[in-house]
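Notes for the structure review
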Amino acid sequence: MEKALHVSITPESILSSVVLLTEQRSQKHLEDCLTATLAELAALPFCGICTPMPTANGIFIDWAASRSSGGSAPSDELQEIGTDPLLLDCMALGTERSETMADDSIRRAHPVVDDRGKVCAFLVTRTNPGQTEPEALIKGFVAIYRNYLTVLWDAARDTLTGLKNRKTFDENFSSIVLESRHIDVSFNGNRREAHLDGQHHWLGIIDIDRFKAINDTHGHVFGDEVLLLLSALMRKAFRSEDKLFRFGGEEFVVLLAPTTFSAAQAVFERFRATVAAFAFPEVERITVSAGFVRIDCDDLPSVVIGNADRALYYAKAHGRDQVRSFEQLVAEGELPFECPSLAKTKLF
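Summarised in this report is the structure supplied together with it. (Residues numbered from 1 in each chain as written. Predicted model: local features only at pLDDT ≥ 70, side-chain atom pairs only at ≥ 80, totals over all residues. Heavy atoms only, no water.)

**Details of the sheet that holds strand E6 (residues 119-126)**
What counts is decided by this rule: Strands are treated as partners if at least two bridges between them are detected by DSSP. Here a strand is any run of E in DSSP of at least two residues, a helix any run of H or I of at least four, and the numbering for each starts at the N terminus. Contact definition: two residues touch when any of their heavy atoms are within 4.5 Å. To get an axis, a line is fitted to the C-alpha atoms, and for a helix only the part in contact is used. The angle between two axes follows their N-to-C directions and goes from 0 to 180 degrees.
The sheet built from 6 strands is open, its strands ordered E3-E2-E1-E6-E5-E4 with antiparallel pairing. Two strands lie at the open edges of the sheet, namely strand E3 (79-80) and strand E4 (97-100), each paired on one side alone. Note that strand E1 (residues 46-55) and strand E2 (residues 58-68) share 10 bridges and pair antiparallel. The residue of E2 that forms the bridge with Cys-47 is Arg-67. Contacts from helix H3 (residues 85-93) reach E1, E2, E4, strand E5 (106-113) and E6 within the one sheet, and its direction differs from that of E5 by about 35°. Sitting on the sheet, helix H4 (residues 135-156) touches E1, E5 and E6, and the angle it makes with E5 is about 30°.

**Considerations on the environment of Val-18**
The cut-off we apply is this: Partly exposed residues are those whose accessible area sits between 20% and 50% of the maximum for their type, while under 20% is buried and over 50% is exposed, using a 1.4 Å probe and protein chains only.
Mapped onto the elements of the fold, Val-18 is located in helix H1 (residues 11-22). Under the relative-accessibility criterion, Val-18 is labelled partly exposed at 25%. On a C-alpha basis, the gap between Val-18 and Leu-34 in space is 9.2 Å, while along the polypeptide they are 16 residues apart.

**Points about the pairing of strand E10 (residues 251-259)**
Of all 9 residues that make up E10, 9 are buried, and the element is covered over most of its length. Taken together, the 7 bridges between strand E8 (residues 200-208) and E10 define a ladder with antiparallel strand orientation. Of the residues in E10, the one forming a bridge with Asp-207 is Glu-251. In the sheet, strand E9 (residues 243-248) pairs with E10 via 5 bridges, with the strands oriented antiparallel. Residue pairing across strands places Phe-245 opposite Val-253, the latter belonging to E10. Here E9 hands over to E10 after 2 residues, with Gly-249 in that stretch at a positive phi of 60°.

Take a look at the structure:
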């Protein structure tokens, strides 16, 4: 019979690991640090963190971080959760699940449950054949990960609406696009010659029309209620893989996962119509204007935001309660391609 592998785990090593984890200031760094630290501390041949991504085509698994020795790392491609029965079982039951591999090693999935009771991630470990699994240590790291995620999420969200905040967008634009599976499309430096067919990333700015008048007439309490209800309508209108931000005041930003131009235009238009038909308490009816733009792989956040804002400004200046595409406005000659200096006075 094979002897159990013993791991030398001391209070000092655990304390040192916890200190290292709490030094991290981003979710990506936290996940990289946690998987590397736990794999080394517990002598695990594999330790990884993955997240479930619900889409219209099912739930997919995205590996955020992993550390392995003597074996292949998980694919960078998204995989349907049904191809991994262990994760599917763990997701369905919301409890820790395990399986014995052909070499007698143990593969285990530990669910990470958020404050709404939903499984938001999995910590997946694998022990060596005959190795005594450091169960308490792994569960402790799962708890640390869950608690620290809560802290990071709170810091990344707008306190009123719960959407992601401007600081999060500014600091993580590149990684947000990368995590959303940004499609590299060449425009040869000229959007006038670019075609809108195929799937691309899109960024839209949504602005509540005449919001200042709402605050002035009904007060900030009702203004805040409008913002809360609008953010709830946004969560229903857009897909779970799309990213929603509140930039402050009455301005919201949507980063669409890859889709076609017609689909992007349709979802923004559908949201505009939904808002226009919604009965807001006391205020009753409000409208929104939106400008959206395709994201080029070489674009800076300032360029993307600037072009979407130009399309939004055009919508505001031409009647409000409408959705405008930057590319179409450029193609129609309504906007020059080179960004002029815009008037700083906002049309409310």
